[in-house]
Amino acid sequence: MGRLSELFDPETVAVVGATDREGAVGRAILENLRDQFVGRVVPINPTREEVLGLECYPDASSAPPIDLAVVVVPSEVVIESIRDLAEAGTENVVVITAGFAETGSKGAERERRLRKIAAENDLNVVGPNSLGIMATATGMNATFGPESALEGPISFMSQSGAFITAVIDWANDQGIGFRDVVSLGNKAVLDETDFVREWGDDPHTDVIIGYLEDVDDGQEFVDAAREVTDDTPIVVVKSGRTDAGAQAASSHTGAIAGSERAYEAGLDRAGIIRAHSVQELFDYARALSGLPEPETDGVAVVTNAGGPGVLTTDAVGDSSLEMADFTDETIAALAKVMPDEANVYNPIDAIGDADVDRFGEALDIALEDPTVGSAVVVAAPTAVLSYDDLAETVILKREAHDTPVVTCLMGGKRARDAEATLRESGIPNYFDPSRAVSGLDALARFSEIHERTADVPTTFDVDRERARAILERATRRDDNRLGVESMDLLEAYGIPTPAGEIVDDPVRAQDVADSIDGDVVLKIVSPDISHKSDIGGVKVGVATDDVYDAYEDVVSRARTYQPDASIIGVQVQEMLDLEAATETIVGMNRDPQFGPLLLFGLGGIFVEILEDTSVRVAPIGEDEAREMVDEIRAAPLLRGARGREPADVDGVVETIQRLSQLVSDFPAILELDVNPLVAGPDGVQAIDLRLTVDTEEL
């Protein structure tokens with residue numbers, strides 16, 4: 001165990017603000033501890049000598065040594081109480097009291113003082129505004145909830161205290177047990193990252209689950225979770241939205257990314273399995289806490305009911321798993337023991353008169369098949385089938401083959417005892433076949449997660465000093481935006497750009513066009529005009545002789561559209577053959593929680609219409625960059641769909657990696673768009689650039 005071990009395994013727990021007043025939180029916590037905790041319970045209240053039959057002390061200094069203090073005094077005296085605890089040598093504190101940052105500026109100042117005292121005295125503080133904590137191994141229910149959790153291998157944290165009370169009530173009915181439970185409250189000191197680390201070190205925690213509304217430090221959380229998920233699965237329900245990315249950003253990337261995409265990318269990088277409902281949260285946790293990992297994605301289904309068997313097959317098709325394709329030997333073995341009317345292919349339909357022995361033989365043969373990584377036993381109640389006996393048989397077969405098996409014993413009371421028997425052996429039972437498959441799917445996903453090899457980012461040879469000098473141009477601007485006039489930033493990081501130059505008079509524009517083979521493209525250059533095409537600020541396919549007039553035209557249109565716009569000049573650029581190429585976008589938005597969020601997708605004018613994009617948290621390596629390309633729906637266009645010549649996908653992948661290095665090297669870059677990044681058979685070219693710079697970070 002880690003530094004929080006005493007928080008969950010104290011010998012002495014004090015309740016600061018203990019009382020015997022009916023309906024008081026201080027009484028509820030004291031009763032929960034007195035009735036179940038194996039250690040010593042110490043009430044602290046300066047106005048009482050005894051509370052609920054326990055000797056009471058006026059303050060922490062006069063009490064016996066306290067390993068954990070639960071503070072439930074009024075908010076205005078919480079700080080004084082914590083200072084008294086610190087002076088008495090107590091290191092672990094749970095603050096139940098509300099009235100802190102959640103109540104406004106006065107409460108926020110109180111919370112700041114709480115953090116300061118905790119830092120000065122190296123205190124571990126849960127809360128404030130917390131329901132409390134539980135540790136079932138010692139019977140410690142240091143909450144004011146109405147029920148204590150059953151003992152089990154799942155550790156659970158939640159930002160909602162009400163969610164904890166509801167979950168424990170439900171879990172007790174379902175026979176689901178917990179190791180530790182924490183109501184995070186306001187997370188003034190200890191947050192989700194601290195508990196992920198603690199439970200990752202706990203050999204008695206098989207699965208970490210959480211209900212989160214936000215993450216305080218996304219990058220630290222990702223780093224901690226990636227380390228923990230090498231051995232211990234983490235499943236979370238993430239609800240609510242932060243301010244990150246909530247308002248429309250000036251770039252396409254910022255507008256598309258948004259906080260929810262950041263959380264998706266961050267949780268994925270962390271190796272966390274995200275559940276989208278409370279039901280999924282526990283369906284996943286039950287499978288992950290008791291079953292071995294599958295060796296293949298193939299699923300075998302054994303059933304006595306055709307309809308539920310088909311439902312199970314559909315659920316497998318909707319998951320990341322696949323129906324196992326039995327070998328000829330397996331099919332022959334099944335044909336020997338099954339009735340002629342039975343289906344010996346997957347799903348195995350042992351038909352309605354199947355007894356326990358027939359189920360057992362079919363499951364045994366299926367688990368022997370090398371294509372089978374897991375199995376679902378789906379049974380409808382019949383007069384010839386004992387669920388209790390079937391449960392024992394399933395346990396024996398699972399142990400014999402060391403292969404994950406889940407069950408779907410459909411029914412109510414008839415299945416209750418069998419379900420309990422299965423649960424004791426770590427086999428979850430689900431009423432709905434699709435939920436049974438989702439449990440196996442989570443198991444397979446975790447197997448994939450902790451087998452991931454580290455995708456080490458490539459470090460390219462770049463010109464950082466040149467890049468810094470270009471970014472510093474923003475310090476000399478009225479705002480902090482840079483555009484195509486800074487294309488040499490990309491060149492400094494080895495990202496190809498077409499031949500061209502930005503000019504501020506039509507004669508020079510014609511000279512530049514003369515130096516470029518073929519027709520050219522002219523674009524207005526202004527930090528105040530985002531959508532140049534919409535105002536006629538772009539001319540495509542301009543012959544050299546027409547460049548002078550085209551220059552005057554785009555400038556005139558820009559001034560008419562936005563008279564107060566700052567016009568830097570006109571970009572004269574080599575014209576690329578777009579017929580054989582695909583316009584993509586690569587960009588970055590710096591998320592407050594998770595840092596640089598990379599985006600790749602279909603670009604040009606389609607970026608906001610189709611929103612065909614993929615997202616990752618930088619820095620990334622080649623594997624993740626390639627995954628970003630493969631994930632978009634338009635990926636076949638890049639790979640040569642319908643007779644098109646394939647684009648230089650390797651060039652796209654390298655460009656994403658180089659951009660990842662750029663935004664990692666310079667935290668001052670808040671947003672960046674390369675749109676379009678033209679990907680053709682002969683390579684990639686960055687056509688346009690926009691970025692926003694935090695000049696104070698340079």
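Note that the structure is predicted; figures quoted are calculated from it, not measured. (Residues numbered from 1 in each chain as written. Predicted model: local features only at pLDDT ≥ 70, side-chain atom pairs only at ≥ 80, totals over all residues. Heavy atoms only, no water.)

Caption draft 1: Layout of the overall build of the protein chain. On a plain count of helices and strands, the protein chain comes out with 23 helices and 30 strands. Dimensions of the protein chain, computed from C-alpha atoms along their principal axes, come out at roughly 95 × 80 × 40 Å. Within the protein chain, the proportion of its 698 residues that are buried is 57%. Considering only intrachain contacts with a sequence separation of at least 6, the fraction spanning at least 24 residues in the protein chain is 70%. As displayed, the protein chain has an accessible area near 29,100 Å², and 43% of this comes from carbon and sulfur atoms. With 56 positive and 131 negative side-chain charges, the protein chain shows a separation of 5 Å between the mean positions of the two kinds. (Helix = DSSP H or I, 4+ residues; strand = E, 2+ residues; numbered from the N terminus. Buried < 20%, exposed > 50% of the residue type's maximum accessible area, 1.4 Å probe, protein only. Contact = heavy atoms within 4.5 Å. Areas by Shrake-Rupley, 256 points an atom, 1.4 Å probe, with all protein chains shown as cover. Lys, Arg positive; Asp, Glu negative; His and termini not counted. Charge placed at Lys NZ, Arg CZ, Asp CG, Glu CD.)

Caption draft 2: Spatial organisation of the nonpolar core. With 82 residues, the main nonpolar core has F178, I209, V235, L288, F326 and L390 as its most contacted residues. At eight residues, helix α15 (residues 433–450) tops the list of elements feeding residues into this core. Ignoring any residue separated from it by four or fewer positions in sequence, one finds L390 in contact with V356, F359, V377, A379, L385 and L409. Counting 54 residues, the second-largest nonpolar core is a separate cluster that includes L7, L52, A142 and I272. (Core = buried A, V, L, I, M, F, W, Y, C linked by side-chain atoms within 4.5 Å.)

Caption draft 3: Just the packing of helix α13 (residues 387–401) against helix α14 (residues 413–424), in detail. Orientation of α13 relative to α14, taken along the N-to-C sense of each, is 20 degrees, at an axis distance of 8 Å. Comparing their axes, α14 and α13 come out roughly parallel. Judged by the sense of rotation from one axis to the other, the crossing of α13 with α14 is right-handed. Here Y387, D388, A391, E392, V394 and I395 of α13 come into contact with α14, specifically with R414, A415, D417, A418, T421 and L422. (Axes fitted to C-alpha atoms, helices over the stretch in contact; angles between N-to-C directions. Parallel < 35°, antiparallel > 145°, perpendicular 65-115°, else oblique. Left-handed = near helix turned anticlockwise from the far one by under 90°.)

Caption draft 4: A look at helix α10 (residues 306–318). In this model, α10 (13 residues) spans 19 Å end to end at C-alpha, consistent with the 18 Å of a helix rising 1.5 Å per residue. Buried within α10 we find P308, G309, T312, A315 and V316. One side of α10 holds all its buried residues, which, seen down the axis, span an arc of 120 degrees. Counted as exposed and oriented over 90 degrees from the buried face of α10: L311, G317 and D318. (Expected span 1.5 Å × (residues − 1). Arc of directions from axis to C-beta.)

Caption draft 5: A look at the pairing of strand β25 (residues 582–591). In terms of residue burial, β25 counts as a mostly covered element, since eight of its ten residues are buried. Here seven bridges tie β25 to strand β28 (residues 669–680), and the two strands are oriented antiparallel to one another. Note on β28: the bridge partner recorded for G587 is D673. Pairing of β25 with strand β26 (residues 595–602) involves eight bridges; the strand directions are antiparallel. From the neighbouring strand, N589 faces β26, where its bridge partner is L597. In textbook terms, the turn of a hairpin is the stretch between consecutive antiparallel strands, and for β25 and β26 this stretch comprises three residues. (Pairing = 2+ DSSP bridges.)

Caption draft 6: Molecular detail of α14. Listed as buried for α14 are A415, A418, E419 and L422. Down the axis of α14, the smallest arc covering the buried residues is 110 degrees, so these residues share one side. Among the exposed residues of α14, those pointing more than 90 degrees away from its buried face are K413, R416, D417 and E424. Those residues of α14 that are buried are in contact with α9 (278–290), α13 and β19 (405–409). Positioned one or two residues after α14, G426 has a phi angle of 80 degrees, which is positive.

Caption draft 7: Broad picture of the pattern of salt bridges. In total, this model carries 38 salt bridges according to the counting rule given. Residue E624 is joined to R616 by a salt bridge in which the shortest nitrogen-to-oxygen separation is 3.8 Å. Residues E624 and R616 agree in their burial class; the two are buried. Between E631 and R616 there is a salt bridge, with the nearest N and O atoms lying 2.4 Å from each other. Here R616 lies in strand β27 (residues 613–617) and E631 lies in helix α21 (residues 622–631), a separation of 15 residues in the sequence. Looking at E631, the relative accessible area reads 46%, which means it is partly exposed. Taken together, the salt bridges that share partners define one network made up of R269, R616, E624, E627 and E631. (Salt bridge = Lys/Arg side-chain N within 4 Å of Asp/Glu carboxyl O.)

Caption draft 8: Structural context of the pairing of strand β15 (residues 298–303). The buried fraction of β15 amounts to six of the six residues, a majority that puts the element mostly inside the structure. Burial along β15 is two-sided: G298, A300 and V302 facing one way and V299, V301 and T303 facing the other are all buried. Across two bridges, the pairing between β15 and strand β16 (residues 322–323) is parallel. When the bridges of β16 are listed, V299 appears paired with M323. Running through α10, the crossover from β15 to the neighbouring parallel element β16 is right-handed. Judged from the five bridges that link them, β15 and strand β18 (residues 374–379) form a sheet pairing that is parallel. Across the sheet, residue V302 finds its bridge partner in β18, namely V377. As paired elements, β15 and strand β17 (residues 348–349) share two bridges and run parallel to each other. Each bridged residue has a counterpart across the sheet, and for V302 the counterpart in β17 is I348. (Right-handed = clockwise from strand over helix to strand, strands pointing away.)

Caption draft 9: Structural detail: the sheet that holds strand β1 (residues 12–16). Spatially, β2-β1-β5-β6-β7 is the arrangement adopted by the five strands of the open sheet, whose pairing is parallel. On the outer flanks of this sheet lie β2 (40–44) and β7 (124–126), each paired with one strand and no other. Pairwise comparison of adjacent strand axes, ignoring direction, gives a mean angle of 20 degrees for this sheet. In terms of strand pairing, β1 meets strand β5 (residues 68–71) through four bridges, oriented parallel. From the neighbouring strand, A14 faces β5, where its bridge partner is A69.

Caption draft 10: The packing of aromatic side chains, seen in detail. Tallying each qualifying case throughout the model produces ten aromatic pairs. Centroid distance Y493 to F666: 6.4 Å. Interplanar angle 70 degrees. Geometry classified as edge-to-face. Of the two residues, Y493 is situated in the loop between α17 (488–492) and β21 (500–503) and F666 in the loop between α23 (649–665) and β28; the sequence distance between them amounts to 173 residues. Given the relative accessible area of 2%, F666 is considered buried. Put simply, the rings of F156, F163, W170, F178, Y211 and F282 pair up and form one aromatic cluster. Directly above the ring of F100 sits R110, whose terminal nitrogen or CZ lies 5.9 Å from the centroid. The ring of Y430 carries the charged tip of R286 above its face, separated from the ring centre by 4.7 Å. (Phe/Tyr/Trp six-rings, centres within 6.5 Å; stacked < 30°, edge-to-face > 60°. Lys NZ or Arg CZ within 6 Å of the ring centre and 35° of its normal.)

Caption draft 11: Representation of the sheet that holds strand β23 (residues 538–542). Overall, antiparallel pairing links the four strands, which are arranged β21-β24-β22-β23 in an open sheet. Of all strands in the sheet, those with a lone pairing partner are β21 and β23, marking the two edges. Averaged over all pairs of adjacent strands, the angle between strand axes in this sheet comes to 20 degrees, irrespective of strand direction. Across three bridges, strand β22 (residues 520–525) lies against β23 in antiparallel orientation.

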